[in-house]
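# Close look at the chain arrangement
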Amino acid sequence: MSKIVAVKEVRRFITASLRSAGGLEQQCEDLADILVAADTRGHYSHGLNRLEMYCDDYSSGTTDINSQPTIVKETIATALVDGKHSLGATVGKYCMNLAIQKCKQAGVGVVTAKGEQCEY
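Quick summary incoming for the structure in this document.

What counts, and at which threshold
Residues numbered from 1 in each chain as written. Predicted model: local features only at pLDDT ≥ 70, side-chain atom pairs only at ≥ 80, totals over all residues. Heavy atoms only, no water. Core = buried A, V, L, I, M, F, W, Y, C linked by side-chain atoms within 4.5 Å. Buried < 20%, exposed > 50% of the residue type's maximum accessible area, 1.4 Å probe, protein only. Helix = DSSP H or I, 4+ residues; strand = E, 2+ residues; numbered from the N terminus. Contact = heavy atoms within 4.5 Å. Expected span 1.5 Å × (residues − 1). Arc of directions from axis to C-beta.

## Quick word on the nonpolar core
- Counting residues in hydrophobic clusters, the biggest one holds 16 residues, and the most contacted among them are Ile14, Leu18, Leu31, Tyr54, Tyr58 and Leu87.
- Those elements that provide at least two residues to this core are helix 1 (7–20), helix 2 (25–40) and helix 3 (51–60).
- For this core, the element with the highest residue contribution is helix 2, accounting for five residues.
- Discounting chain neighbours no more than four positions away, the residues touching Ile14 are Ala32, Leu35, Val36, Leu48 and Leu51.

If you want it as structure tokens, here you go:
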């Protein structure tokens, strides 16, 4: 007999697990949103089954939980961001928001990243 777990509970569990591994609250919440979205869309290879890997990355120091992405070089419409070994989800969200901001200013926004901690 299978049990259905509420999305809210799965998100809470992911966030609590990441926090106990040393993650910062906002980063953990952002990653929980991504993992839950993957599972609820049926893309299970990028959902909850990755939780252990991310917890291990936090615990081992592979992911630098205290660093924040920074802009290395930019123009009005483009930017290069150094992720400083932050979680890929954190760097991705930062870059997405920066690209949206640039698009509003210049009509296009192109942002690339280096140095983020991604598994693939």
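## Observations regarding helix 1
- The terminal C-alpha atoms of helix 1 lie 20 Å apart, and with 14 residues this matches the ideal 20 Å at 1.5 Å per residue to within 8%.
- Within helix 1, burial applies to Val10, Ile14, Thr15, Ser17 and Leu18. Taken end-on, helix 1 shows its buried residues confined to a sector of 165 degrees, consistent with a single buried face. Exposed residues pointing more than 90 degrees away from the buried face of helix 1 are listed as Lys8 and Ser20.
- Buried positions along helix 1 lie against helix 2 and helix 3.

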